[in-house]
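What follows is the residue order along each chain.
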Amino acid sequence: MTDALENLNNVRARIAAAEKAAHRPAGSVQLVAVSKTFEADAIRPVLQAGQRVFGENRVQEAQGKWPALRQEFPGLELHLIGPLQSNKAKEAVALFDVIETVDREKIAAELAKEAARQGRRLRFYVQVNIGQEPQKAGIDPREAAAFAARCRDVHGLAVEGLMCIPPADENPGPHFALLAKIAAEAGLQKLSMGMSGDYETAVHFGATSVRVGSAIFGTR
Ligand SMILES: *Cc1c(COP(=O)(O)O)cnc(C)c1O
């Protein structure tokens, strides 16, 4: 067994245990395997083990490896989890199934336009800057619900939920709890939260998907 495969099985088992501990149904948390910086050859064993949902943070990097892998492995679901510039919206809409980083009006409008033009039905998350960090992408938590509503009602985007990356040096629990609260108030079902270091905590606070990279593929 390759390391990645062993790691994948370990992460799956820990998600299952966290679901159980939180009295949540088995299988209620989706694993998004974050394959950024890894080549197709490193990703293939994870695909062969049945994993079909992957996250990438750069449009151009994803374009270089996923079209060929899609041919090999049907049923893939690709998530964009990194910042999106409006001049890359066209490529992002063509390649990804879910865009988790909608955080401003301009990009919402651009994505809506491209999805219509290409006849693609993508799903979206609004990224929330949950710790209100100046350097971090995402909409202010106080504006998130209204922005999500505008994405749906004005731009017609299928917004399913909220995504966040808590501040690196803080206890993530309160940040996850706040994201869950905002989503509930906004009537959004999905919560993308939790990474290699804190995905079990995120499951406890209601994550419906966790984005796990290094715990599967190794250090970058
Ligand atoms: C890289 C990345 C992850 C995965 O991080 P790990 O700590 O390697 O699990 C999750 N979410 C986002 C937005 C990322 O950029």
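If you're wondering where the values come from, they're calculated on a predicted model, not measured in any experiment. (Residues numbered from 1 in each chain as written. Predicted model: local features only at pLDDT ≥ 70, side-chain atom pairs only at ≥ 80, totals over all residues. Heavy atoms only, no water.)

Participant: Honestly, unusual backbone geometry in this entry has me stumped. Any pointers?
Facilitator: For residues that are not glycine, phi is negative in most cases, and the peptide bond is trans in most cases. Unusually for a residue other than glycine, H23 sits at a positive phi of about 55°. Counting through the fold element by element, H23 comes out in the loop between α1 (3-21) and β1 (30-34). Among the residues examined, H23 registers a relative accessible area of 75% and is labelled exposed. (Helix = DSSP H or I, 4+ residues; strand = E, 2+ residues; numbered from the N terminus. Buried < 20%, exposed > 50% of the residue type's maximum accessible area, 1.4 Å probe, protein only.)

Participant: Sorry if this is basic, but what is going on with the nonpolar core here?
Facilitator: General note: in soluble globular proteins, nonpolar side chains tend to be found buried as a group. Within the largest apolar cluster, 66 residues are counted, with the highest numbers of intra-cluster contacts made by F54, W66, I99, V102, L111 and V210. No other element matches the 6 residues that α1 contributes to this core. Leave out the neighbours within four places in its chain, and W66 touches S35, I43, L47, F54, E56, L76, L78 and L95. One finds V34, I81, Y125 and M163 within the second-largest nonpolar core, a separate group that totals 5 residues. (Core = buried A, V, L, I, M, F, W, Y, C linked by side-chain atoms within 4.5 Å. Contact = heavy atoms within 4.5 Å.)

Participant: Honestly, the state of the cysteines in this entry has me stumped. Any pointers?
Facilitator: In protein chemistry, a disulfide is the covalent bond that joins the sulfur atoms of two cysteines. Per the stated rule, a full pass over the model turns up 0 disulfides. With no disulfide of its own, C151 has C164 as its nearest cysteine by sulfur position, at a separation of 17 Å. The exposure class assigned to C151 is buried, which follows from its relative accessible area of 0%. Taking relative accessible area as the criterion, C164 reaches 0% and is therefore assigned buried. (Disulfide = S-S within 2.5 Å.)

Participant: What is the right way to read the pattern of salt bridges from this model?
Facilitator: Any two side chains of opposite charge can pair if their charged atoms end up close together. Following the criterion strictly, the structure yields 17 salt bridges and no others. With its nearest N and O atoms 2.7 Å apart, the salt bridge here joins R44 to D41. Here D41 and R44 lie together in helix α2 (residues 40-48), a separation of 3 residues that amounts to about one turn. Of the residues examined, D41 reaches a relative accessible area of 61% and is grouped as exposed. Salt bridges here are not isolated pairs; linked through shared partners, they connect E77, R123, E160 and K190. (Salt bridge = Lys/Arg side-chain N within 4 Å of Asp/Glu carboxyl O.)

Participant: Whenever I open this one, the side chain of Q51 confuses me. Can you help?
Facilitator: Inspection of the secondary structure assignment puts Q51 in the loop between α2 and β2 (53-56). A polar atom in the side chain of Q51 sits 2.8 Å from the backbone oxygen of L31. The contact partners of Q51, leaving out residues within four places of it in the chain, are L8, R12, L31, A33 and V46. (Polar contact = N/O pair within 3.5 Å; in protein donor to acceptor, adjacent residues only side chain to side chain.)

Honestly, that's just the spatial picture; any functional story needs more than this.
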